[in-house]
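# Coordinate analysis (summary)
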Amino acid sequence: MVSLLDFESAELEAIRKRAHRDGIGGEQLDGALEARLTEIYRNLTPWQKVQVARHRERPYALDYLQWAFSDFVELRGDRRYSDDRAIVGGPATLNGRSVMVIGQQKGRDTRENIQRNFGMAHPEGYRKAERLMRQAERFGMPVITMVDTPGANAGLTDEERGQAEAIASCIATMLSLHVPTVTVVIGEGGSGGALAIAAADRILMLEHSVFTVASPEAAAAILWRDSAKAPEAAENMRITAQDLRSFGLVDEIIPEPEGGAHRDYPAVAKAVGDAANRALDVLLELSVERLLEQRYRKYRDISFFLE
Amino acid sequence: MKEIFKRHPRYAQAPQDFEALPDNLWIRCPRCQELLYSKEHEQALYVCSKCKYHASVSARERLAITLDEGSFSEHDAGMRSADPIGFRSSGESYADKLTKYTEQADANEAFLYGTGRIEGQDVVIGVIEFKFCGGTVGAATGEKLARAVELAVERRLPLVLVSGGGGMRMQEGIISLMQMAKTLAALDRLREESLPYISIMVDPCLGGTTASYAMMGDVNIAEPGAYIGFAGRRVIEQTMRQKLPQDAATAEFLLQHGMVDMVTSRAEIPSVLARLLKIYMAANPSRERHLVGQLA
């Protein structure tokens, strides 16, 4: 049984009550509930999408590694300082191709979340990602990343170990790789901590995922010194997959199963695997020169200004 | 008669409110609260005589401090934000705010760049303008940054960027975040051309600015006492739920932890730059490539 978000349960409860009053039940009630759910998910507001993207039953990177990829072997550690469990990665097979997969990983429960720091990476997480990218390049393996983080961790020890440098360096490395790169935003893409592993040849986003310059809470704190205004920030900042597609920043939106990714793991994993595979089919046809030139133009041409 | 018995203050007293003093005559150091005579403060390049705090200066003043007199030639001075996401907050539109920032800063954007000379050596230089929206990076800012890098590549000149500010500009949403990738992509081409990039970080230098081009200098220089980092002090204190010590996440802290090459006072920066530029530009990168090729 899937847990309902507040905005879902309020609506569905109302239908159930009405059905009970009118003596309706069984299949007819199920049909009504399902129809309403579909409608709700077709008209999600940006703030509701944030909640869906953060749903605690939403599939995470390791779930996609289980359902969409095969032969995954996790590699750990940055070879510099430590291993960050907020980022997972290693080689795997996708549709017969060897690929390097790197993803941000949230925890399912409190214990795991402490271990994985709620998907907020430390510098060593980004350095591990960079290490795996370089390794992938050496073996000619395409890199597939999965973005799902509220942002990079912001503590004093992170500053000591160079959080800013780790992120900058990871982006720079990803931009310079001589192998194709595909990013799938599977949940929330928060800030530079997300972009660190998202500067790819192709950026794909799940239908109800979001990508923000700062998490709505952080943005509200910066703009209005009040993180409680996060819903307002979400509504104003154009953060949905559909918004990003309209700006030309995202190459493809991957449709989610009715009622969101968390309601059907195998279906959403197949959609993600297929989409990544299609992107690779095109990218692997390009020479390294063409690949790097296209990638450079993709980011260089994100230009909105007046002269 | 009564006047004789009226109590007079025993000591001479300073006027109660300094605000009433003629404008701009005295300035209070924002860090140690010392009262500074503004003429002297200006001569000291806006460095507090007591605590040595390097107060923020406008982009024009920065250029005057750094470059040979009259050598600066600005590029793309008219470039400005197009308000890409049509941002509004509490009834006020970002477009209206932009007009205000332009007036406040007397600049069209939070960054200006061009060519100039440092002790006779040609450079491409770009400088942050704090007074424009806190020196944050929007799409037009990012475009100017990328063009500054490209100008250095085109003219085969070294690049000097004076970076700071609050990071990526919230009011331009995801478009501003993507400027991190854009500036880094441009810098990668500078690297390939073996042209030096010297990054000077000034107070405060935060967020996506630090986490992209500012940290990627071949040489990273920080001004004394500057707050430099990924997260601001307020954010770190919230995350850690404790007060930070005064020196945490400052230039000196970064030097100690290996993130910058040197902490250099404002007055000394031009001569350090001149020395670095001379050495790097006199090196012979094509010979270096040849050697690497032979080794391979």
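Residues numbered from 1 in each chain as written. Chains lettered and ligands numbered in written order. Predicted model: local features only at pLDDT ≥ 70, side-chain atom pairs only at ≥ 80, totals over all residues.

## Looking at the domain arrangement of chain A
All names here are of chain A. Operational definition: All the domain ranges listed were derived from an automatic or database domain assignment. Note that contacts rest on C-beta atoms placed from the backbone: two residues are in contact if these are within 7 Å. Numbered from the N terminus, helices here are DSSP runs of H or I no shorter than four residues, and strands are runs of E no shorter than two.
For chain A, the assigned domains read domain 1 (6–42) and domain 2 (46–300). Here domain 1 and domain 2 have C-alpha centroids that lie 35 Å from each other. Listed by partner, the interface residues are four residues for domain 1 and four residues for domain 2. The leading source of residues in the side of domain 1 that touches domain 2 is helix α2 (residues 26–42), at three residues.

## Some points on the sheet that holds strand β12 (residues 262–263) of chain B
All names here are of chain B. Short version of the rule: Strands pair, by our definition, only if DSSP identifies at least two bridges between them. Every angle, taken between N-to-C directions, lies between 0 and 180 degrees, and every axis is a line fitted to C-alpha atoms, over only the stretch in contact when it is a helix.
Ordered by their spatial adjacency, seven strands build an open sheet running β3-β7-β8-β9-β10-β11-β12, and the pairing between neighbours is mixed. Each end of this open sheet is capped by a strand with a single partner; those strands are β3 (73–75) and β12. Across six bridges, the pairing between strand β9 (residues 159–165) and strand β10 (residues 197–205) is parallel. Residue pairing in the sheet places V160 in a bridge with I198 of β10. Packed onto the sheet, helix α5 (residues 139–155) meets β3, β7 (111–118), β8 (121–128) and β9 and runs at close to 170° relative to β8.

## Structural notes on the pairing of β10 of chain B
Residues and elements named next belong to chain B. Stated precisely, the cut-off is as follows: Using C-beta atoms placed from the backbone, we call a residue buried if 20 or more other C-beta atoms fall within 10 Å of its own, exposed if 12 or fewer do, and partly exposed for counts in between. Seen with the strands pointing away from the viewer, any crossover whose path from the first strand over the helix to the second strand runs clockwise is right-handed.
In terms of residue burial, β10 counts as a mostly covered element, since nine of its nine residues are buried. In terms of handedness, the path from β9 via helix α6 (residues 173–192) over to β10 forms a crossover that is right-handed. Pairing of β10 with strand β11 (residues 219–222) involves four bridges; the strand directions are parallel. Residue pairing for β11: I198 is matched across the bridge by V219.

## A few points about the interface of chain B and chain A
Interface size is commonly expressed as the accessible surface area that is lost when the partners come together. Inclusion rule: Residue classes follow a fixed rule: Ala, Val, Leu, Ile, Met, Phe, Trp, Tyr, Cys and Pro count as nonpolar, while Asp, Glu, Lys and Arg count as charged, and any other residue, Gly among them, counts as polar.
In this complex, chain B contributes 47 residues to the contact, which on the side of chain A involves 44 residues. Examining the composition of the side of chain B that touches chain A, we find that 13 residues originate from one element, α6 of chain B, more than from any other. Of the residues assigned to the side of chain B that touches chain A, the class counts are 31 nonpolar, 11 polar and five charged. Inspection of the sheet shows strand β8 (residues 305–306) of chain A paired to strand β4 (residues 80–81) of chain B by two bridges, in the antiparallel sense. Looking at β4 of chain B, one finds that L306 of chain A is bridged to R80 of chain B.

## Looking at the environment of S58 of chain B
All names here are of chain B. Looking at the secondary structure, you find S58 in the loop between α2 (38–43) and α3 (59–66). For S58, a count of 18 C-beta atoms within 10 Å translates into the label partly exposed. Between the C-alpha atom of S58 and that of I128, which follows or precedes it by 70 residues, the distance is 8.1 Å.

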